[in-house]
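# Structure at a glance
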Amino acid sequence: MKLSLNWLKQYVDTTLSVQEIDDLLTNIGLEVEGQERFESLEGGLEGLVVGHVVECGAHPNSERLSLTKVNVGKEDALLSIVCGAPNVAKGQKVIVATVGATLYPLEGDSFKIKKSKIRGEASEGMLCGEPEISLGEDNSGIMVLAEDAPIGMPVRDYLAQIGGYGPNKITVEVDTVYEIGLTPNRSDATGHLGAAFDLAAALKVNYEGQGNFKMPEVSDLSQSSGNMSIEVEVEDAAACPRYSGVCMENVKVGESPQWLKNRLEAIGLSPINNIVDITNFVLQEFGQPLHAFDYDKIDGQKIIVAKLDEGTPFKTLDEVERKLSAEDLMICNGNREGMCIAGVFGGIDSGVTDGTTRLFIESAHFHSTTIRRASMRHNLRTDAATRFEKGTDPNITLMALKRAVQLIQEYAGGEVASSTIDLYPNPVARVQVDLSYARINRLMGTNIAAADIKNILAVLDMNILEETEEGIRVDIPTNKADVLREVDVIEEILRIYGYNRIETPDTVNSVLSFAQKPDPRKVKELIADLLTSNGFAEMMATSMTRSAYYEKLLKEDQDRLVYVNNTSNQHLDMMRANMVFSGLEAILHNQNYRTTDIKLYEFGKTYHKKGEEFFEQDHLTVYLAGQDKAEHWQNTNKQEVDFYTLKAMVDVILKRLGLYSENPNALRTKVIAEDSPVWIYGLNYTYQKMNLVSFGRLQGQLAQGMGIKQAVYYADFNWANIITAVKRAKLKYRPISKYPSMRRDLALVLDKKISFEEVLQIALRQGKKLLKNTNLFDVYESEKHLGAGKKSYALSFIFQDETKTLKDKEIDKIMNKLIATYEKQLGAVIRK
C-alpha cells in the first residue's frame, strides 16, 4: 500500500522530517519498504521563483534581446538576465529560473540554467514562458504574473496560493510516497486516515506538542432536489451486514480538479473522471470502498444483494465474461441480473459513463471471507477487494458515503435526490477487553505507570469502561478487526509506546541443553555439503501442490491426500503427497530457460492423512537429467546421466553416513517392481527392515506429462529412517588388513525370473564373515546357447580373513557349499 506524505499531513500535524516519519511508521507496525519522490510536473518547478523586473533595456549587441535587472528577493543584489521575449517590460512580475535550476520543456530535452554570457552580456538566469516549464503551450512570450505576486516566493508555492494557473487551475505538487508492507492484521490502516490516526497517536505519546489529528469535515446528507427512489433488498445479511446508499442527480461527469488528480497519481492511480476519481479518493482516504452505479441502468430501480446460480455468465468492466460461482455475492438489479461482483469488480453495463447524469452511490460492508474467496476465484485483485478481505469498519459506511457525496456536489454539481438508505439489522458493537497492569508490564518487559497506559489507550480511541487497582476494562474501535484479546491490546500499547524504548537487560540467562546424537541438523548439513561438493544444487519448493497432478499423472488414495482451501492461489489446493512433482517443476523451469543438464536435491516434507489423523514424512530427494559433465574442449565424449550415475551418488551418501557396515546383511537390495507408478526400473535399499531409499529412472508418463523432454533419474530417501539407521549404525575403526584377499569367479545359468538379490543373499549366508564383496560383472542371454527363459550371471567373490592368510582349501570348501546351494535352491547350472 502507498501512503502520500502530503496527504497524511492534511490530517496530522508534525514537524518531523521525511526520514523520521519513515522510521516512526515502521516502529508502529506500518513497515516502510521504500520511498519515492512524486512530482506532478517533472522537476517540480525546483529553483523557480517570482521575480520583479526592475530595469529593462535594449541589448547593445542584438536587436531582439533585452537586458533586464530582476529582483528575486535578495535585497543586496539584482540578477542580470538577458531575455528574448518580445513582451518583457519594466515593472512586471515574472517567473525566474535561477542558476542551477533544471527546466523540463514541453518539447525537447531538459536543460540546466547556468551563468553565461549572451552576445557579450552576463546572464544569471532565465525569464520563463509557459512551454519552457510545461505549464502551457503559449509561446508568445514570458509569463506575466499578477502585480501582488510575492517577490522571491517559490513558484510552486505561489501557484498553490492562487489556486492554480490557467483555466485548468494547474498546481504543482512534490510529495514523498511511502511503500507500506501492510500486514493482514492492520485493517485499521487501509486508508490514509487510519495511518494518520496511528501516526498521530505515536506522536502524541513520544513527541510533546505534536500529533494533533484532524478529520475531514463531513456534513449530513439532506435531500435537496428531485424525487428519485430506489429499493434495496439484502438476501444474505451474513455476507452483507450493512448496506448504505443514496441517489444523486444533475451530475456532470468530467475531468477531476488538479489537486484530486495529484493525490491519486502520487499513489500510482490513473485519474479517469471526477466520479470514479472521487470514489477512489474516498477509498484511499477512509479505507472504505464505494461503488457508483448509473441510476438509469438499474432495471426496476431496485438493488438486490444476493447469490446467483452456479455458472451464471457475467461480463465485468474489463469486458471479460466470467462464470459465477454459487458462492459469489452479487449486486443485482430488479430483474436479478448481476451488475457488480460485490466488493470486487463492477459490471460493464451499469458503470458511470460520460453521459451519466444520475447516480446511485453504494457504501457497504461485506464479510471478509466472502470477498476474498470471490476475488481469488476470479483472479481479480482490486483495491476494494484487498480492503474488504482485511475487514473494513462496518460503522464507517455512512461517513464515507457523506464524504463522497460532498465531493460530488462540489466537483460534479450533483444534488442529493433521495433519502439515505442504511440497512444495518445487527449493528456491530465495540469488543470489550479486560487488561491487567501487571500482565501488560510482564509481557512488554517494562514498568509503565498506569497513567501512561491509560494515556496510550486514550490516543488509540480505546475507552475505559471500568477500572480497579489491578487493571481496567476497555472497548475496542470496530476498525480493529484483529484486536479481540488482552494480548492484542497489549501489542497495540507496545506499538505506540515504542519497541525501541524497551530497555535491554544487563544480564543474560542461559541453560544447559543436551542435543540428541546424532544431531539431525548436522547430519542434514553433512549430506547437503556432500551433494553440493559433487555438483548438485539445493532447491526449495513450496509444500503446496496441484491436485491435478494426482488426478492425471500419479494416482493416489484420495483418503490419504491432504487438501487445503488456498484462496490466494486456487491451483495449489493440496499439500504434496510425493516429492517428485516439486523436482519436475524445477526441471521444467530450467528446461524452459534452456538449462537441460540438471543436478538437484531437496530436503522437504510430504503430507498425509490416515483416518482423522494427519502426519508428515521427511525426505531427501535427488534429481538427475541431461549430460553428466559440463561441455568442455577436453570432454569431447558427451555422456548422458543414467541409472548408474544415480546409484553411485546414492551409494556415496550411504557410505558417508556409515550405513555400509561390516555386517553384509545390514543393507538389503531389492529390485523395484515393474508396475511401479513412479519408476520404470530401479532399486530399493533397506536397513534392518527399514526402507532407506528408492531410486531409478522415472516413468515417462510423469516426466512427459509435465512437459519434460528428457530422461529423469530420481532418488527418494526416507529421511526419518535414515536418521534412525544412523543412530543404530556403529562406526568402528578398522585398519587395512595385512593379509591378502582371494577372488573366485562363478558363472550360473538361471531362470530369468530369479533376481540378483536372491543370488546375493545366498552368497552372504554361505560366505559369512569371510565374504567381503560380491559383484555381478556380466549378464548373458541367448535362447540358442542357454535355452528359453534362461540367463547367465557371471559373479566374482572376494574373500579375506582379518586374522590370517586364507588357504585355497578353505575357499574351495565355501565355494562348493555355495554351488550346491545355488543348484538346490535356485535350480542353477554351473557353467564350466
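Scroll up for the structure.
First things first, this report covers the structure right here in the doc.

A few words now on the packing of helix α7 (residues 368-377) against helix α8 (residues 383-390). Put simply, α7 and α8 touch, their axes get as near as 7 Å, and they point 140° apart. In this structure, α7 meets α8 at a crossing whose hand is left-handed. Every residue of α8 that contacts α7 at S368, I371, R372 and S375 is listed here: A385, F388 and E389. When the residues that make up the contact of α7 with α8 are grouped by side-chain class, the tally is 3 nonpolar, 2 polar and 2 charged.

What follows concerns the packing of helix α5 (residues 258-266) against helix α6 (residues 274-286). At a minimum axis distance of 10 Å, the contact between α5 and α6 shows a crossing angle of 55°. If you check the angle between α5 and α6, you find them oblique. Considering how the two elements wind past one another, α5 and α6 form a crossing that is left-handed. Contacts between α5 and α6 involve W259, L260, R263 and L264 on the former and, on the latter, D277, I278, N280 and F281.

Before going further, it helps to spend a moment on helix α13 (residues 520-533). For α13, with 14 residues, the first-to-last C-alpha span of 20 Å sits near the 20 Å given by 1.5 Å per residue. Check the buried side of α13 and you find it contacts β33 (598-610), β34 (613-625), α16 (643-656) and α18 (719-728). One side-chain oxygen of the residue at the start of α13 lies 3.0 Å from the amide nitrogen of R521, identifying that residue as D519. Backbone geometry just downstream of α13 places G535 in the positive-phi region, at approximately 90°.

Position of T356 among the secondary structure elements: in the loop between β22 (345-346) and β23 (359-365). A distance of 2.8 Å separates polar atoms of two side chains, one belonging to T356 and the other to D294. In terms of polar contacts, T356 uses its side chain to reach the backbone amide nitrogen of T353, at 2.9 Å. Contacts of T356, omitting those with residues within four sequence positions, involve V251, V253, D294 and G351.

The next thing to look at is empty space enclosed by the protein. Within this structure, the stated rule accounts for 3 cavities of 30 Å³ or more. Volume-wise, the largest cavity comes out at about 70 Å³. Around the largest cavity, the lining is made up of 13 residues, and of these E42, L45, T102, Y104 and I133 lie nearest the centre. Per-class residue counts for the lining of the largest cavity are 6 nonpolar, 4 polar and 3 charged.

Within the chain, S134 stands out as a residue other than glycine whose phi angle is a positive 60°. Relative to the assigned elements, S134 resides in the loop between β11 (125-127) and β12 (144-145). For N250, which is not glycine, the phi dihedral falls at a positive 60°. Tracing the chain through its elements places N250 in the loop between β15 (242-249) and α5.

What follows concerns the packing of aromatic side chains. If you walk through the whole model with that rule in mind, you get 18 aromatic pairs. Between F197 and F213, the aromatic rings sit 5.4 Å apart at their centres with planes inclined by 90°, giving edge-to-face as the arrangement. Of this pair, F197 sits in helix α4 (residues 192-206) while F213 sits in the loop between α4 and β14 (231-234), placing them 16 residues apart in sequence. Joined through ring pairs, the aromatic side chains of F643, Y644, Y681, Y685 and F695 make up one cluster. Looking at R501, its charged tip hangs above the ring of Y497, at a distance of 4.0 Å from the centre. In this structure, R743 packs its charged tip against the face of F777, placed 5.6 Å from the ring centre.

Strands sit in the order β29-β33-β34-β38-β37-β36-β35 across an open sheet of 7 strands; the sheet is mixed. Of all the strands in the sheet, the pair left with one neighbour each is β29 (537-538) and β35 (667-671). Sheet analysis places β34 next to strand β38 (residues 712-718), joined by 7 bridges and oriented antiparallel. Following the sheet pairing, L624 is matched in β38 by Y713. Across the face of the sheet, helix α15 (residues 580-592) comes into contact with β33, β34, β37 (690-698) and β38 while running at roughly 145° to β33. Of the strands in this sheet, β33, β34, β36 (679-687), β37 and β38 are in contact with α18, which crosses β37 at around 130°.

The next thing to look at is the sheet that holds strand β28 (residues 471-476). Pairing is antiparallel in the open sheet, where 3 strands are placed in the order β26-β28-β27. Edge positions in the open sheet fall to β26 (431-436) and β27 (464-467), since each of these has one partner strand only. On average, each strand axis in the sheet is tilted by 20° relative to the strand beside it, whichever way the strands run. Across the face of the sheet, helix α12 (residues 486-497) comes into contact with β26 and β28 while running at roughly 75° to β26.

Attention now moves to the layout of surface pockets. Computed from the structure, the second largest pocket encloses a volume of approximately 700 Å³. In this structure, the second largest pocket is lined by 28 residues; those nearest its centre are V276, N280, L290, H291 and L317. Sorting the residues of the lining of the second largest pocket by element identifies α6, β16 (291-294), β22, β23 and α8 as the ones contributing at least two each. A per-element tally of the lining of the second largest pocket places α6 first, with 4 residues. In terms of residue class, the lining of the second largest pocket is made up of 16 nonpolar, 10 polar and 2 charged.

Below, the discussion takes up helix α21 (residues 808-825). Between its first and last C-alpha, α21 extends 25 Å over 18 residues, near the 26 Å set by a 1.5 Å rise per residue. Among all positions in α21, only I811, I814, M815, L818, I819, T821 and Y822 are buried. Summarising the axial view, the buried residues of α21 lie within an arc of 165°, below the 170-degree limit, and thus occupy one face. Structural note: α21 exposes K809, K813, N816 and K824 on the side pointing more than 90 degrees away from its buried face. Against the buried residues of α21 lie β39 (742-751), α19 (756-767), β41 (790-799) and β42 (829-831).

Under the definition given, this model contains 50 salt bridges. With a closest N to O distance of 2.7 Å, R495 and D198 form a salt bridge. Of this pair, R495 sits in helix α12 while D198 sits in helix α4, placing them 297 residues apart in sequence. By relative accessible area, which is 4% here, R495 ends up buried.

Another aspect to go through is the pairing of β37. Taking burial as the measure, the 9 residues of β37 include 7 buried ones, the bulk of the element. Pairing geometry for β36 and β37, over 8 bridges, is antiparallel. Across the sheet, residue G682 finds its bridge partner in β37, namely G696. Inspection of the sheet shows β37 paired to β38 by 5 bridges, in the antiparallel sense. Across the sheet, the residue bridging to V693 is F717, located in β38.

Rules and cut-offs
- Residues numbered from 1 in each chain as written.
- Predicted model: local features only at pLDDT ≥ 70, side-chain atom pairs only at ≥ 80, totals over all residues.
- Heavy atoms only, no water.
- Axes fitted to C-alpha atoms, helices over the stretch in contact; angles between N-to-C directions.
- Helix = DSSP H or I, 4+ residues; strand = E, 2+ residues; numbered from the N terminus.
- Left-handed = near helix turned anticlockwise from the far one by under 90°.
- Contact = heavy atoms within 4.5 Å.
- Nonpolar A, V, L, I, M, F, W, Y, C, P; charged D, E, K, R; others polar.
- Parallel < 35°, antiparallel > 145°, perpendicular 65-115°, else oblique.
- Expected span 1.5 Å × (residues − 1).
- Polar contact = N/O pair within 3.5 Å; in protein donor to acceptor, adjacent residues only side chain to side chain.
- 1 Å grid on protein atoms, 1.4 Å probe; cavity = no way out; pocket = protein on both sides within 12 Å on 5 of 7 lines; lining within 4 Å.
- Points joined across faces, edges and corners; volume = space filled by probe spheres on them.
- Phe/Tyr/Trp six-rings, centres within 6.5 Å; stacked < 30°, edge-to-face > 60°.
- Lys NZ or Arg CZ within 6 Å of the ring centre and 35° of its normal.
- Pairing = 2+ DSSP bridges.
- Buried < 20%, exposed > 50% of the residue type's maximum accessible area, 1.4 Å probe, protein only.
- Arc of directions from axis to C-beta.
- Salt bridge = Lys/Arg side-chain N within 4 Å of Asp/Glu carboxyl O.

These figures capture arrangement, not role.
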